[in-house]
Structures are given as structure tokens and as C-alpha cells.
Amino acid sequence: MMMSKPWIFKRQELVRFGHCDPAGIVFYPRYFEMLNALVEDWFTQGLGIDYAQLLGPRRVGMPSVRLSADFKRVSRMGDLLTQRIAINKLGRSSLGLTLQFDGTNNDEDGCRVAFEQVLVCTSLDTHKAQPFPPDLRAALERVTGAAT
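On a predicted model such as this, the values are computed, not experimentally measured, just so you know. (Residues numbered from 1 in each chain as written. Predicted model: local features only at pLDDT ≥ 70, side-chain atom pairs only at ≥ 80, totals over all residues. Heavy atoms only, no water.)

## Quick word on the overall build of the protein chain
Each helix and strand in the protein chain was counted, giving three helices and seven strands. Reading the protein chain from its N end, one meets helices and strands in the order β-α-α-β-β-β-β-β-β-α. Taken across its 148 residues, the protein chain has 43% of its residues classed as buried. Of all intrachain contacts in the protein chain linking residues separated by at least 6 positions in sequence, the fraction that spans at least 24 positions is 69%. Just so you have it, the protein chain exposes about 7700 Å², and 53% of that area is on carbon and sulfur atoms. (Helix = DSSP H or I, 4+ residues; strand = E, 2+ residues; numbered from the N terminus. Buried < 20%, exposed > 50% of the residue type's maximum accessible area, 1.4 Å probe, protein only. Contact = heavy atoms within 4.5 Å. Areas by Shrake-Rupley, 256 points an atom, 1.4 Å probe, with all protein chains shown as cover.)

## Regarding the side chain of Gln 117
For Gln 117, the location among the structural elements is in strand E6 (residues 110-120). At a separation of 2.7 Å, a polar atom in the side chain of Gln 117 contacts the side chain of Ser 64. Residue contacts for Gln 117: discarding those within four places in its chain leaves Leu 35, Val 39, Ser 64, Arg 66, Leu 67, Leu 95, Gly 96, Leu 97 and Leu 99. (Polar contact = N/O pair within 3.5 Å; in protein donor to acceptor, adjacent residues only side chain to side chain.)

## Remarks on the nonpolar core
Within the largest apolar cluster, 33 residues are counted, with the highest numbers of intra-cluster contacts made by Trp 42, Phe 43, Leu 47, Met 62, Phe 101 and Leu 136. Put simply, the parts of the chain that give this core at least two residues each are helix H1 (28-46), helix H2 (51-55), strand E4 (80-90), strand E5 (94-103), E6 and helix H3 (134-147). Here this core takes seven residues from H1, the largest share from any one element. (Core = buried A, V, L, I, M, F, W, Y, C linked by side-chain atoms within 4.5 Å.)

## Points about the pairing of E6
Within a regular beta strand, the side chains point alternately toward one face of the sheet and then the other, so they alternate between its two faces. By the criterion of burial, E6 is predominantly enclosed, with nine of the 11 residues buried. Relative to E6, strand E3 (residues 64-71) runs antiparallel, the two sharing seven bridges. Bridge pairing in E6 places Arg 66 opposite Val 118. Two strands pair when backbone bridges link them, and E5 and E6 are joined in this way by 10 bridges, in the antiparallel orientation. Bridge pairing in E6 places Leu 95 opposite Leu 119. (Pairing = 2+ DSSP bridges.)

## Concerning the pairing of E4
Relative to E4, strand E1 (residues 9-14) is paired through six bridges, and the arrangement is antiparallel. Bridge assignment links Lys 10 to a residue of E4, and that residue is Arg 84. Count of turn residues in the E4/E5 antiparallel hairpin: three residues.

Printed below as a string of C-alpha cells:
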């Protein structure tokens, strides 16, 4: 997976005991939970669109319709992961993302896991695709324009 656009959102997450399996490394499904939390935080903190309000009262869904992962290196309890998002494609109702978690420990720096994800804007009443709401579209266009 190659990064084609600049990173538009970044945060750090500490790998905790609950993320790890008996082998002492991150249990791979936990990366997907971290990924979902990262996307929620990006909407709320990075885009200024409250994710809980979007899905709750506004009834706008953002389900994943495509998700791939490339696991590069192990992560262990106590590792600090830098998590990043880039937008690859902005459509009428779909959003293509590249996401990457990098280790920040001196002994094992570099990419731990990289994701390619496609989200689609849907109505939670009909579960059919719909155009992005105007405020979300404006926020996405703002960061896309800033990232080009």
C-alpha cells in the first residue's frame, strides 16, 4: 500500500494489555478496533463533525464497504503507535482512505500495519447510499484541498 496523499490527521495510541494476545503482541482484530476509533476521532476532532451525532440523531451511517490490511511488524504492550489518515478519493457518497499505524519505539520504528478503507455515506433509515450531508462534504473538501 503506497501513500499517495499527505496525512491529514494524526494521533497516538498506547498499546495496552487488553490489546494483546497470550503471545504478548497486538491481537490483530484489536487493530481494527483501533482503526474504527481513529476514524471516529478524525470525524469529531479533525473534521469538526460529531460522529456520535452523525450516527445518532442525524441518522447518517458511514459503513466500511472495503477494508484491507497489511501487517508489517508486531506491536507489544507499552508501544506507542502513531496513527495517520490520508484521503485517496472523495466521491459523491464514498470516501477512500489510507491509514497507517507506525511504531515510535527506538528498537522497532516503522510501519506496523497499513489499511486501505472505503466508507460510504448511507441513510440509517433506508441503509442506502446517499450524498454526504453539506457540512460533512464541506469539511471533507476543506481537508482535501488543504492536503493537495
